[in-house]
Structures are given as structure tokens and as C-alpha cells.
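Understanding the architecture of this molecule
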There are 2 protein chains.
Amino acid sequence: MPDDPLAHRHGRDSVKATVDLLADRWTFLILREAFFGVRRFGEMQRNLGVARTVLSSRLKMLVAEGLFDRRPYRSDPVWFEYRLTDKGLDFYPVALALMQWGDRYLAGPSGAPTILRHRACGHHAEPIWVCGHCHLALHARDIQPEPGPGASRDETR
Amino acid sequence: MPDDPLAHRHGRDSVKATVDLLADRWTFLILREAFFGVRRFGEMQRNLGVARTVLSSRLKMLVAEGLFDRRPYRSDPVWFEYRLTDKGLDFYPVALALMQWGDRYLAGPSGAPTILRHRACGHHAEPIWVCGHCHLALHARDIQPEPGPGASRDETR
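Along each chain, residue indices are assigned from 1 in the same order as the chain's sequence is written. To read the labels, note that chains go from A and ligands from 1, taken in the order they are written. pLDDT decides what is reported in this predicted model: residues at 70 or higher carry local features, side-chain atom pairs at 80 or more are listed and counted, and totals for whole chains, interfaces and linings draw on all residues regardless. Based on all heavy atoms of the structure, the side-chain values leave hydrogens and waters out of the count.

1. Topic: the overall build of chain A
Rules: By definition, any uninterrupted DSSP run of H or I lasting at least four residues is a helix, any uninterrupted run of E lasting at least two residues is a strand, and each is numbered from the N terminus. With a 1.4 Å probe rolled over the protein chains alone, any residue whose accessible area is under 20% of its type maximum counts as buried; one over 50% counts as exposed, and the rest are partly exposed. In what follows, residue pairs with any heavy atoms lying within 4.5 Å of each other are defined as contacts. Note that accessible areas follow from Shrake-Rupley with a 1.4 Å probe, and for residues the cover is restricted to the protein chains shown.
Of the regular secondary structure elements, chain A holds six helices and five strands. For chain A, the α and β elements follow one another from N to C terminus as α-α-α-α-β-β-α-α-β-β-β. Every one of the 157 residues in chain A was classed for burial, and the buried ones make up 47%. In chain A, the proportion of contacts linking residues at least 24 apart, taken out of those at least 6 apart, comes to 47%. Total accessible area on chain A is roughly 7,600 Å²; 49% of this is exposed by carbon and sulfur atoms.

So, in C-alpha cells, the structure goes:
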């Protein structure tokens, strides 16, 4: 493309930034555990079958990046639990989107292993994405990426 | 938990299945390129700065898994392009969710590097997740995971 209107995105891009931070199988799975209500190291470790050193380093990163708070829940000896911060909770749509795609394409003939009940209405949530402005369902083909306020050609590459 | 109602999920889980398939930094970024309209090997390679061998193996996997179609677009010599299938297009919400989180937490003071215009209404899309049943916005705290039709305790661990 001679004059690529999206040239800026190669240097600064929020998909890339997020993936660089979190693109590790275990990081996604630790966050999934947290969304399912698991807060304790031992329980995460058992559920995931992950090495303790790996879990420990990923949790440390997630605390340092502000997705989890590490809080004492028992004294003598002090035990800690990991609670999602707002920043961590805001990652929930990523887990939802991954789960929805997996349910559709990888779950096999018997169907979704887990369904999500929406407490507000009592029905299965089956999440859909809508436009924050017109509230119509969003489809990839209807969306045009454009340079945003943080786009800077100077920082390309 | 003595009787964990979600014991089944440790064996079969769509987040885990999806992450196992795609949890590779490059795979996410190749899909992002495709959502931005890039179809050709050379352009992907330039945009991502990825080694040709790595790009080639990831594209082969994505074709084998049915997310891309590889189609000739020029003959003599035959050149190919990679076009998203429906299965590939359906991965778009994952990219949206990653981008939205990154815009919020990693983009820096100047704001989002890329914005998404919704062609249907002409405004910025700012996607929101809603419940497919009641159409209220979904929040992590309002969602209760339950065993689905594909849950099978027999296959746990």
C-alpha cells in the first residue's frame, strides 16, 4: 500500500501490547481460574497442573502489573490469596471471547463444557458484542480501523 | 471444595482448548493483521517483523485448522493469499477484547493508537458485551459458570 492509513499501528498497537504482556498459555489460564472464583495458590496449582515455580512467577507478574491484589487471608502462618483488581476484572471479555470461540469450534459434538448463567436475568448469557453507540451487533466486516489519538507515525517501527 | 460443581471444567474447557490451539504471540498477531485486511505473506512478514519460517509455520497451522483459506491470486508464478474463513472471522471478538483492554491499560496518556469506526452507524464502535438474552451489559461478577452439555465428569483429569 503506497500510503497505508494504518502505518502507525505497526509501531503502537493495543493488541500487540496486550499479547506481549500476557501471551503465555499459563497467564490466560490463571486468569480463567480467577474468573471462576479461585483465589488460592494451591487450588490454582491443582486445577491447572502447573509447576509451582511457573505459577509463582506468573502470579508475581500479574500482581506487579496490577491485575491481582495479593492479600493475607490467614495469619500464623500468613497465607495469601490473589484477588482480581478492576484491571484484572476488565480482562474478563477476553476470556469470554476465547471461551465462546472454543465452544463453537473446539468443544466437540456434545457441546459446551461450561455455560454461563447471567445472574441479572437468570438465562444463559451467550454474550454478544454490540456497538457502544448504536447497540447493533458488531461484525468484523462492519468495522473500519482508523488512526486514534495515540497513533504516532514518528514512532512507527 | 468438597463437591466442586465445576470439577468438570478442569478436564474440558473451551478457554483452555482455545489457548492451547492459539496461544502463541505470533498467531494472535497474524490474525490481527488479517482483521486489518492484510492477506499476503510478504506484507504480514514486513508488518510483523517475524521470521519467514515462523510466519510460514503459523499460517500452515491456521490453514490446517480452518481459520484461513489459502487461495491463488496470481498465476505464473502462482502467488497465494490468505483469507479468513468464517471460523477465522469468528475469532474477531478475541482481537477486539484484547485491543480494548490494551487501549484502556497499556496505551499511554495519548490514548488508543487505533480506533474502530462502525460502518453501520458511522460512529466509533467502542464495543460492549451484552447478554444475548436480556441485552444488558455483562460484567464478570454477574456471570455464574455452570456445567454445560459437554461437561463430563468421567473425563476429568
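Following the structure, the description resumes.
2. Quick notes on the relation of the copies chain B and chain A
Which entries qualify depends on this criterion: Fitting of the copies onto one another was done by least squares over C-alpha atoms, counting residues only where both copies have pLDDT of at least 70.
Superposing chain B onto chain A requires a rotation of 180° together with a translation of 0.0 Å along the rotation axis, leaving an RMSD of 0.0 Å. Viewed as a symmetry operation, the transformation between the two copies matches a two-fold axis. Ranked by how close their C-alpha atoms come to the rotation axis, the residues of chain B are headed by B:Trp129, at 2.3 Å. When you check the interface residues of chain B against chain A, 100% turn up at the interface there too, and the contact is symmetric in its surfaces.

3. Overview of the packing of aromatic side chains
Under the convention used in this document: Side-chain rings of Phe, Tyr and Trp, where Trp is taken by its six-membered ring, are said to pair if the distance between their centres is within 6.5 Å; with planes under 30 degrees apart they count as stacked, over 60 as edge-to-face, and otherwise as tilted.
In total, this model carries 14 aromatic pairs over all chains according to the counting rule given. For the pair A:Trp101 and B:Phe91, a centre-to-centre distance of 5.3 Å together with 85° between the ring planes defines the contact as edge-to-face. You can see A:Trp101 sitting in helix α6 (residues 92-105) and its partner B:Phe91 sitting in the loop between α5 (86-89) and α6 (92-105), one on each of two chains. Taken as a pair, A:Trp101 and B:Phe91 share a single burial class, namely buried. Relative to B:Trp129, the ring of A:Trp129 has its centre 4.3 Å away and its plane inclined at 40°; by these criteria the two rings are tilted. Taken together, the residues span two chains, with A:Trp129 in strand β4 (residues 128-130) and B:Trp129 in strand β4 (residues 128-130). Like A:Trp129, the residue B:Trp129 is buried in the burial classification. The structure contains a cluster of three or more aromatic residues connected by ring pairs, namely A:Phe28, A:Phe91, A:Trp101, A:Tyr105, B:Phe28, B:Phe91, B:Trp101 and B:Tyr105.

4. Here we look at the nonpolar core
To be explicit about the condition: Buried Ala, Val, Leu, Ile, Met, Phe, Trp, Tyr and Cys residues form a nonpolar core when they are joined through side-chain atoms within 4.5 Å.
Core analysis: the largest hydrophobic core is formed by 79 residues, its most contacted members being A:Ile30, A:Phe68, A:Phe91, B:Ile30, B:Phe68 and B:Phe91. B:Phe91 has contacts with A:Leu98, A:Trp101, B:Thr18, B:Leu22, B:Phe28, B:Leu31 and B:Phe35, leaving out every residue within four places of it along the chain.

5. Brief notes about the packing of helix α2 (residues 25-35) of chain A against helix α3 (residues 41-48) of chain A
All names here are of chain A. Note the threshold: Fitted lines through C-alpha atoms serve as axes, helices being fitted only where they are in contact, and the angles separating the N-to-C directions of these axes extend from 0 to 180 degrees. Each angle receives one of four descriptions, namely roughly parallel if under 35 degrees, roughly antiparallel if over 145, roughly perpendicular if within 65 to 115, and oblique otherwise. We call a crossing left-handed when the near helix sits turned anticlockwise from the far one by less than a right angle, and right-handed when that turn is clockwise. The nonpolar class holds Ala, Val, Leu, Ile, Met, Phe, Trp, Tyr, Cys and Pro. Asp, Glu, Lys and Arg form the charged class, and all remaining residues, Gly among them, are polar.
It is the contact of α2 with α3, at a shortest axis distance of 11 Å, that shows an interaxial angle of 120°. As far as their axial angle goes, α3 and α2 are oblique. Here α2 and α3 pass one another in a crossing that is right-handed. Note on element contacts: α3 touches α2 through Met44, Asn47 and Leu48, opposite Trp26, Leu29, Ile30, Arg32 and Glu33. Class assignment of the residues belonging to the contact of α2 with α3 gives a composition of five nonpolar, one polar and two charged.

6. Quick look at the pattern of salt bridges
Residues and elements named next belong to chain A. Rules: Between Lys or Arg on one side and Asp or Glu on the other, a salt bridge is scored when a side-chain nitrogen of the former is within 4 Å of a carboxyl oxygen of the latter.
Tallied over the entire structure, the rule returns 16 salt bridges over all chains. With its nearest N and O atoms 2.9 Å apart, the salt bridge here joins Arg32 to Glu33. Within this structure, Arg39, Arg40, Glu81 and Arg83 form a network of salt bridges that share partners.

7. Side note on the interface of chain B and chain A
Put simply, the test is: Throughout, buried area stands for the accessible area (probe radius 1.4 Å) lost by two parts on being put together, summed over both. Definition of a polar contact: a pair of N or O atoms within 3.5 Å, with one able to donate and the other able to accept a hydrogen when the atoms are protein atoms, and with sequence-neighbouring residues admitted only if both atoms are side-chain atoms.
With 89 residues of chain B at the interface, the matching set in chain A holds 89 residues. Carbon and sulfur atoms make up 62% of the area that chain B and chain A hide from each other, which totals about 8,500 Å². The largest per-residue losses of area from chain B upon contact with chain A belong to B:Trp101, B:Pro113 and B:Trp129, which jointly make up 9% of the total buried on that side. Our count for the contact surface shared by chain B and chain A stands at four salt bridges. Counting across the chain B and chain A interface gives 36 residue pairs in polar contact (both at pLDDT 80 or more). Listing elements by their share of the side of chain B that touches chain A, those giving two or more residues are α1 (14-22), α2 (25-35), α3 (41-48), α5, α6, β3 (114-118), β4 and β5 (143-147) of chain B. A total of 14 residues in the side of chain B that touches chain A trace back to one element, the largest contributor, which is α6(B). Grouping the constituent residues of the side of chain B that touches chain A by class yields 48 nonpolar, 19 polar and 22 charged.

From the geometry alone we can't say anything about function, so treat these as descriptive.
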